[in-house]
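Fold and geometry: a report
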Amino acid sequence: MIIDFHTHVFPEKIAAGVIENLSKKSKSRAFTDGTLDGLLNSMKNFGVDLSIILPVATNTHQVEKINDSAAKLNEKFFERGILSFACMHPDFENFSAELARVKNLGFKGIKIHPVYQDVDLDDEKFLRIFYRAAELDLIVVTHAGLDIGFPGVVRCSPKMARHVVEEIGNFKFVLAHMGGWKNWDEVLTELAGTEIFMDTSFSTGEIPARADFFWRAEDLKLLDENSFMKFVKIFGAGKILFGTDSPWSSPDVAINFINRLPLSDADKEKIFSTNALFLGISF
């Protein structure tokens, strides 16, 4: 079984415009059209059994609307291998009640994005959300590290993530992009010994660049096999979740990367599915 723990889709009416805008901003190439059908087709083509959609609220007015839409999506498409998380924004006043509603609606977790939401990961606004999510046994997935579309902006560093764990204690906390995109040396030192999980999304191989933008060769490089194995050595295969960041990475490339690693079949299975099941993802 393959569970893709990190995907995104957009409403059909706006998907083309959103993909083009984000693609230009990040200078990277999308592998699907960003729609739900595009994700489903990709899953079918490359053998992905379940995809977890991670919606992001960029303002407080979107929170309830996105969560309502995500709940309807789960009702209609779960049997086809789609499971959406809910969203939360750090400035949303009724966060406690909304998280309880999210739990009652059957969501497994929430997604936050400190860069898009312009609040540091360890700010009190987020900490109160994490406390409440932990009480409700909800998974919290956060963008971690730098963001390709916001060069130099630091809102979710490994040090901030460690501070969160020190304040909250152990909870179902997943740091996307191998714990901190392009902050990987710091992840290895700052987060060693914690119980955090991390996903592989947009972190292995090379950035799939657009042909009409210039990248320096060294900037295209992400984690290679040797670098990835350092994470396995320090955190263990039991803390790593397979993710593609679809539509921004190709599932076949991401799957082949894991399959090439010098890991046992049992450890590869942990990354592809068992760890997600351990966190409470059911399928």
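Data block above holds the structure.
Residues numbered from 1 in each chain as written. Predicted model: local features only at pLDDT ≥ 70, side-chain atom pairs only at ≥ 80, totals over all residues. Heavy atoms only, no water.

Taken as a whole and judged by the stated rule, the model has 12 aromatic pairs. Considering the side-chain rings of Tyr-116 and Phe-150, the 5.6 Å spacing of their centres and the 55° angle between planes classify their relative orientation as tilted. One end of the pair, Tyr-116, is in helix H5 (residues 114-117); the other, Phe-150, is in the loop between strand E6 (139-142) and helix H7 (158-168), with 34 residues separating them in the sequence. Residue classification places Phe-150 among the partly exposed positions, given a relative accessible area of 25%. When the ring centre of Trp-215 is taken as reference, the NZ or CZ atom of Lys-27 above it lies at 4.7 Å. Over the aromatic face of Trp-181 sits the side chain of Lys-182, whose NZ or CZ is 5.5 Å from the ring centroid. (Phe/Tyr/Trp six-rings, centres within 6.5 Å; stacked < 30°, edge-to-face > 60°. Helix = DSSP H or I, 4+ residues; strand = E, 2+ residues; numbered from the N terminus. Buried < 20%, exposed > 50% of the residue type's maximum accessible area, 1.4 Å probe, protein only. Lys NZ or Arg CZ within 6 Å of the ring centre and 35° of its normal.)

Strand order in the open sheet formed by three strands is E1-E2-E3, with parallel pairing between adjacent strands. The open sheet has two edge strands, strand E1 (3-7) and strand E3 (82-84), and neither has a second partner. Averaged over all pairs of adjacent strands, the angle between strand axes in this sheet comes to 20°, irrespective of strand direction. The strands that helix H2 (residues 36-46) touches are E1, strand E2 (50-53) and E3; relative to E2, the one it contacts most, it runs at about 150°. (Pairing = 2+ DSSP bridges. Axes fitted to C-alpha atoms, helices over the stretch in contact; angles between N-to-C directions. Contact = heavy atoms within 4.5 Å.)

The next subject is the environment of Ser-96. As for its position among the elements, Ser-96 is in helix H4 (residues 95-104). Look at Ser-96 and you get partly exposed, because its relative accessible area is 30%. C-alpha of Ser-96 to C-alpha of Arg-132: the two residues are 36 residues apart in sequence and 6.4 Å apart in space.

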